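# Understanding the architecture of this molecule
This is what each chain is made of:
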Amino acid sequence: MLTDRMVDSLSKEGIITDEEREIVRFGLESLEGNLLCIVLILTIGLCFKRVGEALLLWPLLFFLRKNAGGYHAATKTRCLIMSAAMLIAAFAAFTVVESTLLFYGICVMLTGCVIWTLAPVDNPSKVLDALEHNVYKRRTRIVFGLEGVFFIISFCCQWEMAVRSVCMTHFIVGISLLLGKIKLTICNKYNTKT
């Protein structure tokens with residue numbers, strides 16, 4: 001992996017110590033994941049001729065999804081495939097369906113109810129304790145609130161591209177939360193039986 005080679009190189013050159021290797025590896029893997037996500041969103045946005053929405057989608061999605069949790073695939077490859085599928089579905093749905101501002105408003109209200117009610121959703125491999133749950137819930141609601149204000153301003157100003165980007169963000173996060181909740185419920189039932 002590129003990350004391992006970079007960490008090894010930084011260590012050999014004395015730029016980082018052995019104790020810092022894991023922290024640097026984690027940071028580089030996070031950076032790699034974020035860059036891959038940006039490229040994926042922009043590529044799919046370009047394919048659907050929605051580059052403007054793609055540019056707005058990434059920061060909106062990044063901060064909300066990071067705090068809300070939801071479905072997490074077991075491997076990086078599955079995560080990439082699942083992310084691509086959800087992005088394609090969102091871009092396709094909001095490109096094919098002839099939508100009005102009223103439709104976007106209803107969509108944001110429905111997905112907003114899902115986000116407000118479910119977030120944060122644990123991951124079977126990382127269950128949140130009570131403090132973490134409260135922190136992530138508060139962060140999700142703050143980000144959600146800020147995005148809601150941005151949506152209302154965009155709606156009132158009839159900035160359809162911004163309205164659509166917020167709607168797509170909430171659609172993706174809402175679906176992720178529902179899938180994550182289903183996965184967690186199945187895992188908990190399976191673990192209870194064994």
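The structure this text deals with has already been given above.
Residues numbered from 1 in each chain as written. Predicted model: local features only at pLDDT ≥ 70, side-chain atom pairs only at ≥ 80, totals over all residues. Heavy atoms only, no water.

We now examine the overall build of the chain. Helix and strand content of the chain: seven helices and zero strands. Considering only intrachain contacts with a sequence separation of at least 6, the fraction spanning at least 24 residues in the chain is 74%. Entry remark: accessible area of the chain is about 11700 Å², with carbon and sulfur atoms responsible for 69%. Distance between charge centroids for the chain: 9 Å, based on 20 positive and 16 negative side chains. (Helix = DSSP H or I, 4+ residues; strand = E, 2+ residues; numbered from the N terminus. Contact = heavy atoms within 4.5 Å. Areas by Shrake-Rupley, 256 points an atom, 1.4 Å probe, with all protein chains shown as cover. Lys, Arg positive; Asp, Glu negative; His and termini not counted. Charge placed at Lys NZ, Arg CZ, Asp CG, Glu CD.)

Topologically, arginine 21 is positioned in helix 2 (residues 21–47). Given a relative accessible area of 18%, arginine 21 falls into the buried group. In this structure the side chain of arginine 21 is engaged in a polar contact, spanning 3.2 Å, whose partner is the side chain of serine 11. When near neighbours in sequence (up to four residues on either side) are disregarded, arginine 21 contacts Val7, Asp8, Ser11 and Ile16. (Buried < 20%, exposed > 50% of the residue type's maximum accessible area, 1.4 Å probe, protein only. Polar contact = N/O pair within 3.5 Å; in protein donor to acceptor, adjacent residues only side chain to side chain.)

For helix 5 (residues 101–118), built from 18 residues, the straight-helix expectation of 26 Å at 1.5 Å per residue is met to within 8% by its first-to-last C-alpha distance of 26 Å. Three or more residues of helix 5 are buried, namely Tyr104, Gly105, Cys107, Val108, Thr111, Gly112 and Ile115. For helix 5, the buried positions fall inside an angular range of 160° around the axis, keeping them on one side. Summarising the geometry of helix 5, the exposed residues directed more than 90 degrees from the buried face are Leu102, Met109, Leu110 and Thr117. (Expected span 1.5 Å × (residues − 1). Arc of directions from axis to C-beta.)

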